[in-house]
Amino acid sequence: MSSDILSFIIFLPALVAFALMITTKDVNTIRNIAFLTTTVILALVLKIYIEFIPSEGMQFVTNVPWIETYGINYYVGLDGFSLTILMMIAILIPTSYLLLWEGRTKGYWLNMLLVQTGVTGTLLSLDIVLFYFFWEVMLLPVFLMIGSYGFGKKIFTTIKVTVYTMAGSLLMFIAILYLGVAYHNEFGVWSFAYNELMKITTIEYSTRVWLFLAFLSAFAIKIPIFPLHTWIMDTYKNAPTGAVFLLSSIMAKLGVYAIVRFMIPIFPEIYIEFSIYFVAIGLFGLVYFGIAALMQDDIKRMFAYSSASHLSFIAAGIFSLNEYGINGALYLTIAHAIATGALFLLVGLIHEETGFKTIKDLGGIAKQAPILTFIFAIMLFANVGLPGTNGFVSELLIIFGIYEFNHTLGYISAITVVVGASYMLWMFQRAILQDRPEGSPVLKMRDLKIKEIIGLTPWVFLVFLMGFYPDIFIDKFEPTVTHYLNDILHIGAAK
Amino acid sequence: MSEFIYLIPAITVLVGALTLMFMSMYEKYTVKNFITVACIFLFIALGFSSLTFTDSYSVQPYNDLLNNVLIFDTFSNFFNILLILGTILTLLIGEHYFQHRSYFKGEFFSILLFALFGMMLLAHVNELVTAYIALEIASFAVYIMVGVNTEDSKRVEAIFKYLVLGAFIGAFYLLGVVLIYGATATTNLSEVGAYIATHSGDDMILVYIGLTLILFTFLFKIAAFPFQSWVLDVYRGAPMVITAYMASTFKIAIFSFFMRAILQNLAPIIDFWDTIISVIIVLTLVFGTWLAVSQTIIKRMLAASSIVHTGYLLLAFIALSYKDGEILNIDSAYATMFYLIAYLLSALGAFGLASHIISETNVRVTYNDFKGLAHERPFLAAMMTIFLLSLAGIPSTIGFIGKFYVFTEAINAGYTALTLLAVIATIVSVYYYFKLIAVMYFYPAPLTCSIEGFNDKRVSTYAIAFVAILTILGGVGSAIVFFIPILNIDSIITLSQTAVQSLFIK
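Quick notes on the rules
Residues numbered from 1 in each chain as written. Chains lettered and ligands numbered in written order. Predicted model: local features only at pLDDT ≥ 70, side-chain atom pairs only at ≥ 80, totals over all residues. Helix = DSSP H or I, 4+ residues; strand = E, 2+ residues; numbered from the N terminus. Rg over C-alpha atoms; globule rule 2.2 N^0.38 Å. Buried ≥ 20, exposed ≤ 12 C-beta atoms within 10 Å, placed from the backbone. Contact = placed C-beta atoms within 7 Å. Expected span 1.5 Å × (residues − 1). Core = buried A, V, L, I, M, F, W, Y, C linked by C-beta atoms within 7 Å. Nonpolar A, V, L, I, M, F, W, Y, C, P; charged D, E, K, R; others polar. Pairing = 2+ DSSP bridges. pLDDT = per-residue confidence, 0-100. Axes fitted to C-alpha atoms, helices over the stretch in contact; angles between N-to-C directions. Parallel < 35°, antiparallel > 145°, perpendicular 65-115°, else oblique. Left-handed = near helix turned anticlockwise from the far one by under 90°.

Trainee: Whenever I open this one, the overall build of chain B confuses me. Can you help?
Mentor: A count of helices and strands for chain B gives 21 helices and four strands. Computed over C-alpha atoms, the radius of gyration of chain B comes to 22 Å, within 12% of the 23 Å expected from 2.2 N^0.38 for 506 residues, which places it in the range of a compact globule. The C-alpha extent of chain B, read off along each of the three principal axes, is 70 × 55 × 50 Å. Burial analysis of chain B (506 residues in total) assigns 57% to the buried set. Nonlocal contacts in chain B, meaning residues at least 24 apart in sequence, comprise 81% of its contacts between residues at least 6 apart.

Trainee: Looking at this structure, I do not really get the overall build of chain A. What am I missing?
Mentor: Assigned secondary structure in chain A consists of 20 helices and two strands. Against the 2.2 N^0.38 benchmark of 23 Å for 495 residues, chain A shows a C-alpha radius of gyration of 22 Å, consistent with a compact globule. In terms of overall dimensions, chain A has a C-alpha envelope of 75 × 60 × 45 Å along the principal axes. Relative to its 495 residues, chain A shows a buried fraction of 59%. Pairs at least 24 apart in sequence give 79% of the contacts found in chain A among residues at least 6 apart.

Trainee: Can you walk me through helix H18 (residues 416-442) of chain B in this structure?
Mentor: Given 3.6 residues per helical turn, the α-helix brings residues three or four places apart onto the same face. Between its terminal C-alpha atoms H18(B) stretches 38 Å, which fits the 39 Å expected from 27 residues at 1.5 Å a residue. Within H18(B), 20 of the 27 residues are buried, which leaves the element mostly enclosed by the surrounding structure.

Trainee: What is the right way to look at unusual backbone geometry in this model?
Mentor: Note: most residues except glycine have negative phi, and most peptide bonds are trans. Residue Pro224(A) is reached from Ile223(A) by a cis peptide bond, and omega for that bond is -10°. Here Pro224(A) lies in the loop between helix H9 (205-222) and helix H10 (230-238). Non-glycine residue Leu321(A) carries a positive phi angle of around 65°. Checked against the element boundaries, Leu321(A) lands in the loop between helix H13 (299-318) and helix H14 (323-354). We classify Leu321(A) as buried; it has 22 C-beta atoms within 10 Å. Although it is not a glycine, Ser396(B) sits at a positive phi angle of roughly 85°. Tracing the backbone shows Ser396(B) in the loop between helix H16 (378-392) and helix H17 (398-412).

Trainee: Honestly, the nonpolar core in this entry has me stumped. Any pointers?
Mentor: Counting residues in hydrophobic clusters, the biggest one holds 390 residues, and the most contacted among them are Leu122(B), Leu315(B) and Tyr339(B). Ignoring any residue separated from it by four or fewer positions in sequence, one finds Leu122(B) in contact with Ala131(B), Ala134(B), Leu135(B), Ala138(B), Ala253(B), Ser256(B) and Phe257(B).

Trainee: How should I be thinking about the interface of chain B and chain A in this particular structure?
Mentor: In many reports, interface size means the accessible area that the parts give up when they come together. The interface is formed by 28 residues belonging to chain B together with 31 residues belonging to chain A. For the side of chain B that touches chain A, the secondary-structure elements that each account for two or more residues are H17, H18, helix H20 (478-481) and helix H21 (489-501) of chain B. Sorting elements by how many residues they give to the side of chain B that touches chain A places H18(B) first, with 13 residues. Class assignment of the residues belonging to the side of chain B that touches chain A gives a composition of 19 nonpolar, seven polar and two charged.

Trainee: So what exactly am I meant to see when it comes to helix H13 (residues 298-318) of chain B here?
Mentor: Along its 21 residues, H13(B) runs 30 Å from first to last C-alpha, staying within 8% of the 30 Å computed at 1.5 Å per residue. Most of H13(B) sits inside the fold, with 21 of its 21 residues counted as buried.

Trainee: Got a minute to help me understand the pairing of strand S1 (residues 59-67) of chain A in this structure?
Mentor: When a strand is regular, its side chains alternate between the sheet's two faces. All names here are of chain A. The sheet contact formed by S1 and strand S2 (residues 72-78) spans six bridges and is antiparallel. In the sheet register, valine 64 faces S2, and the bridge partner there is tyrosine 74. Hairpin connection, S1 to S2: the antiparallel pair is bridged by four residues, and glycine 71 has positive phi, about 60°.

Trainee: What is the right way to read the environment of Gly152(A) from this model?
Mentor: Residue and element names in this part refer to chain A. With respect to the element layout, glycine 152 can be found in the loop between helix H6 (139-149) and helix H7 (154-187). A tally of 11 C-beta atoms within 10 Å means that glycine 152 is categorised as exposed. Expressed as a C-alpha distance, the spacing of glycine 152 and lysine 237, which sit 85 residues apart in the sequence, is 8.5 Å. Filtering out sequence-adjacent residues up to four positions away, glycine 152 remains in contact with Lys237 and Asn238.

Trainee: Sorry, what's going on with the confidence of the model for chain A here?
Mentor: Residues shown with low pLDDT carry predicted positions that ought not to be read at fine detail. The pLDDT averaged across chain A works out to 82; a share of 96% of its residues lies at or above 70. Confidence, expressed as mean pLDDT per element, reaches its minimum in chain A at helix H15 (residues 365-368) of chain A with 73 and its maximum at helix H5 (residues 128-137) of chain A with 88.

Trainee: Sorry if this is basic, but what is going on with the packing of H13(A) against helix H17 (residues 390-405) of chain A here?
Mentor: Working note: a packed helix pair is described by the angle between its axes plus the distance between those axes. Residue and element names in this part refer to chain A. Packing of H13 against H17 brings their axes to within 9 Å, and their N-to-C directions diverge by 45°. Taken as axis vectors, H13 and H17 run oblique relative to one another. In this structure, H13 crosses over H17, and the sense of that crossing is left-handed. Here H13 contributes Phe313, Ala316 and Gly317 to the contact with H17, which in turn contributes Ile398, Gly401 and Ile402. In terms of residue class, the contact of H13 with H17 is built from four nonpolar, two polar and no charged.

Trainee: I would appreciate a short explanation of the environment of Glu360(B) in the present structure.
Mentor: Residue and element names in this part refer to chain B. Following the sequence through the fold, glutamate 360 ends up in the loop between helix H14 (331-357) and helix H15 (373-376). A count of 16 C-beta atoms within 10 Å places glutamate 360 in the partly exposed class. Measuring from C-alpha to C-alpha, the distance between glutamate 360 and tyrosine 97 comes to 7.5 Å, with 263 residues separating the pair along the chain.

Trainee: What should I look at first to understand the environment of Thr38(A) in this one?
Mentor: Residues and elements named next belong to chain A. With respect to the helices and strands, the residue threonine 38 is situated in helix H2 (residues 27-51). For threonine 38, a count of 24 C-beta atoms within 10 Å gives the class buried. When the C-alpha positions of threonine 38 and isoleucine 9 are compared, they lie 9.4 Å apart, and in sequence the two are 29 residues distant. Discounting residues that sit within four places of it in the chain, threonine 38 has contacts with Ile93, Pro94, Tyr97 and Gln116.

Trainee: So what exactly am I meant to see when it comes to the confidence of the model for chain B here?
Mentor: Residues and elements named next belong to chain B. The predicted model of chain B has a mean per-residue pLDDT of 83, with 94% of residues at 70 or higher. Counted against residues more than four places away or in other chains, residues 481-485, with its pLDDT under 50, gives six contacts. Overall fold confidence (pTM) sits at 0.89, and the ipTM for the predicted complex is 0.86.

Trainee: I would appreciate a short explanation of the packing of helix H11 (residues 240-266) of chain B against H14(B) in the present structure.
Mentor: Residues and elements named next belong to chain B. One can describe the packing of H11 onto H14 by two numbers: an axis separation of 7 Å at closest approach and a directional angle of 170°. Between H11 and H14, the crossing angle belongs to the class labelled roughly antiparallel. For the pair formed by H11 and H14, the contact residues are Met240, Val241, Thr243, Ala244, Ala247, Ser248, Thr249, Ile252, Phe255, Met259 and Leu263 on the first element and Ala333, Thr336, Leu340, Tyr343, Leu344, Ala347, Leu348, Phe351, Gly352, Ala354 and Ser355 on the second. Its residues assigned to classes, the contact of H11 with H14 shows 16 nonpolar, six polar and no charged.

Shown next, in the form of structure tokens:
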């Protein structure tokens, strides 16, 4: 059983969702059982976290044939890197349930469960066709959520986001098939496992570049990396809180994850060669999205840009080719998931309570809801990267990494962080702190309920724990990063 | 007697057709009786076909009587089972529709079985003139079924377009046969194959011209690019269930004959048409996609998208090539067969479900008619979603696995650019399929709901649910979820491999 624990984690939410779909119509029962499911998963993930040995490679592996004719296996397992993200998902989802607790429908919770199956499956697949399978499947519940529970031009938005992301995915699909065929031609057997595809030597350089770009198109759209970001503004604005949370906190991170998991091992030399462009694009994206965020009046759009800005920074770190940068990027992945996740959920709450989502209508919330403001501020500071929070550690690591990679870009990256601070603090001042005259409708805002506070406490705790003791987390995935740098990229871990 | 067992399925269907014809002379039988009788015969035929399902064999029974014009092997048996299954599912899914349209009388079911008989024969034939007869038996039956819809003014246009063009293209076929006969002095495909294997250069000119003319017939029947113009109007004018039947089952029958001819006999010269077919694929994909995007009636959208699916099928077909006495990329033949199964299930499901919904009304089935279906009938909407996802090739459905096979084999054969185009067509197809899903789920139901008030607990619903389950099962395979090795995706591939291998039994 212990080796099947990952399969259990992957499929439990989906099975529960199907069981609930057929058996009951009562929303409260569904929500309670769904919440219970996610906490069971959290417990299992903690068990894995304790049993995990950082110095070894893939663990908890299940590898059984799925489609034998083409050597496609049901191949799941995790290493330090995926474990960290698995932890993040397992913690974020149940607490997000607490913040979404009231006023949802049956379909909402079922989709939340299905998404969890999709994202965990994507995270743990090591066979690239299996990965593609989950990668596409995880989009469908989000599609339904945006269309059913979204705002504004939601139907246009759903179609747009679906076609946009599918376009990237299908380009990756053809690259996957090409790799499989190349492997078949070289070794005479079919395989789509990532560690087998690494061995291919026969593909020409120019073809490899195309394949690299095809893979990147899928991941860059999900992250999003400039200039493939145009879908997120409408989507984040019109989507319901839960879907925005899933897209920004979890799915975008899977794009980053997939770059490290599949693209680096399969195309190491192209990754090294192109890294300078991507670091530059990442930094450009950071500034571009940052300035765009300053201009926004709609608070959700502002967060969409801010999220894109941070993810560009993560992308820059991933491509910086040294241990600082990659460690920092991974660390920021988690830090950002926590901070942005919390901020999106809180903004969603404010929107639902007051009905406002433009910054100029808001304000005066600090007086009405001090606890909300307090937690909002903590997450905001973590996002900005104030010392003592996890954001600080990760941003520092990335800046080091980029400095090591290229001094000029390093200086630039250090300065760009200011942009992030400026729009965040300005927004905070206007939307939360500034006074409003007596009787204005914003003042209806209630404070957090005890359930929501309980939900957010572990996040707040994590923000500081990761900020003060980064080592206990970095130790879990550092060996994996070192392994990548030494054994796959052959450039050595710069210490 | 032992040889007779191979003939039983086809004969059962023929006897069934005749029985239904006699039954239709009496007023007292209802549509339900006809469906039951037809199904009984079909299940008997299916049972006999299944007897030899997994064996690998190839026989030509009653030599002196049939004169080697029919081959009975695993390949034909495989296709027979598909065709019978397709017909049974059409009947069961259409049960609701048949009962609420007064123009479906006894004769209709007799004709349906005649069509099936022609198609089954087509899977067996090894001779060009017999192939023509089988093709025309099936085609004429389908012509009549297209025109049976007396309530729709479009049907006259539909039937005449189809009949005239079909007869026209039939003339091409006959001319092709004559030219081949002129060169080889035979119409038996095995002997034509032997001639091709031993001749080259000037001796072959007539054969090439003849086969190209026959290729036109093939392209017409499967609705590939320059011969696709009939599809929209014919599919539009035909009764919904017949549209489903034509799009899925009839296409399979056409492929069965041409795959046999190509793999068994014509393989050595197959690469001659690669360029033509590449161009046809490009145009088919582009044109089909353009048509599908611009439709507002669901039936026409599905019809137009079937053109795109023809493009995918041809993509697997072109991947076959021949070098030094053996067929390369034989795997793409399996991919074609798998894709045919995938398309059979998803198209039958999608068309069938649309017909089921409108059974008791007379609406045109535009996107608007589907508004809010998910709130009225969540399970029907869920099943429609499954079929659309399968058509779009989204993972967890059989359509994805089908596309996976076809694209892999096309890349394997070196047609990467064409595959890229097919992928782009798929991206666009996501748009028009998801639009329907969006309409079903994200709009409130209209006030005057056209689909309410019928009982869902009936044969049609269960048949559609059955197809939906197959669609999912074919895409996930039970191996991945429950770790049961039996119901595996591989088993379908293995079956199609056995089938194709039986073509080469001498």
